[in-house]
Amino acid sequence: MKKLELKFLNEEGKTVTISLDDPVEPVDTAQVTAAMDAIIAQGCFYSNGGDFVEKKEARIVERNVFDISF
Amino acid sequence: MAVNTLKVDSRLQLVFSTGTDEDGNMVLKRKSFNNIKTNATDEQLHEVSIALYPLQQHILVDIARDDRSVLTES
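Numbering of residues begins from 1 in every chain and follows the order in which that chain's sequence is written. Labels are handed out in written order, letters beginning with A for the chains and numbers beginning with 1 for the ligands. Where totals are concerned, whole chains, interfaces and linings use all residues; where local detail is concerned, this predicted model gives features only for residues with pLDDT of at least 70, and gives and counts side-chain atom pairs only at 80 or more. Hydrogen atoms and water are omitted, and side-chain values are computed over all heavy atoms in the structure.

By definition here, a salt bridge exists when the distance from a side-chain nitrogen of Lys or Arg to a carboxyl oxygen of Asp or Glu is within 4 Å. Summed over all chains, the structure comprises twelve salt bridges over all chains. Residues Arg59(A) and Glu5(A) are paired through a salt bridge, measuring 2.9 Å at the closest nitrogen-oxygen approach. Placement of Arg59(A) in strand 3 (residues 52-62) and of Glu5(A) in strand 1 (residues 2-10) is noted, with a sequence separation of 54 residues between them. Close ionic contact of Asp21(A) with Lys29(B) constitutes a salt bridge, the shortest N to O distance being 3.2 Å. Here Asp21(A), found in strand 2 (residues 15-21), pairs with Lys29(B), found in strand 2 (residues 26-36), and the two come from separate chains. Only DSSP runs of H or I covering at least 4 residues are called helices, and only runs of E covering at least 2 are called strands; the numbering of each starts at the N terminus.

The structure is reproduced here in structure tokens:
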């Protein structure tokens, strides 16, 4: 299962992550940038450490699960 | 009796359709964002939702807002 993680810096310089499952691939960099800018501009998220002020990074994370049978 | 309303929590929920099950019913997947300011406007939440949804693969069915208020006697 893959996840898109959007990481922001808040007013205290701490990282805050917004994640979405099942990202579109290949990633459209411009679209990700636009979405992150919109999130900062709208300012409707809060965090311990204030509003989101800056984009830090965006990445796709994949989790692999292997069942172990007994 | 007058009642005061104090907003204490807001959430944004995106409802996606991920396909259909064997009976043809729509399968929904919900993504909640809990760290929403109580004073965020509906327009702001809508803008953010519209910006986020094309980054993932599923069809957006609903943008929902959950507000929780505490009621007290004034």
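What follows picks up the thread again.
The next thing to look at is the sheet that holds strand 1 of chain A. All names here are of chain A. A pair of strands is labelled paired if DSSP reports no fewer than 2 bridges between them. Read from one edge of the open sheet, three strands run 2-1-3, paired in antiparallel fashion. A strand with exactly one partner marks an edge of an open sheet, and here the two such strands are strand 2 and strand 3. Adjacent strand axes in the sheet meet at a mean angle of 20° when their direction is disregarded. Here strand 1 runs beside strand 3; their pairing, made up of nine bridges, is antiparallel. Paired with lysine 2 across the strands is glutamate 62, a residue of strand 3. Working rule for contacts: check all heavy atoms of both residues, and any pair within 4.5 Å makes them a contact. Helix axes use the C-alpha atoms of the stretch in contact, all axes being lines fitted to C-alpha atoms, and the angles between their N-to-C directions lie in the range 0 to 180 degrees. Contacting strand 1 and strand 3, helix 1 (residues 29-42) runs over the sheet at an angle of about 140° to strand 3.

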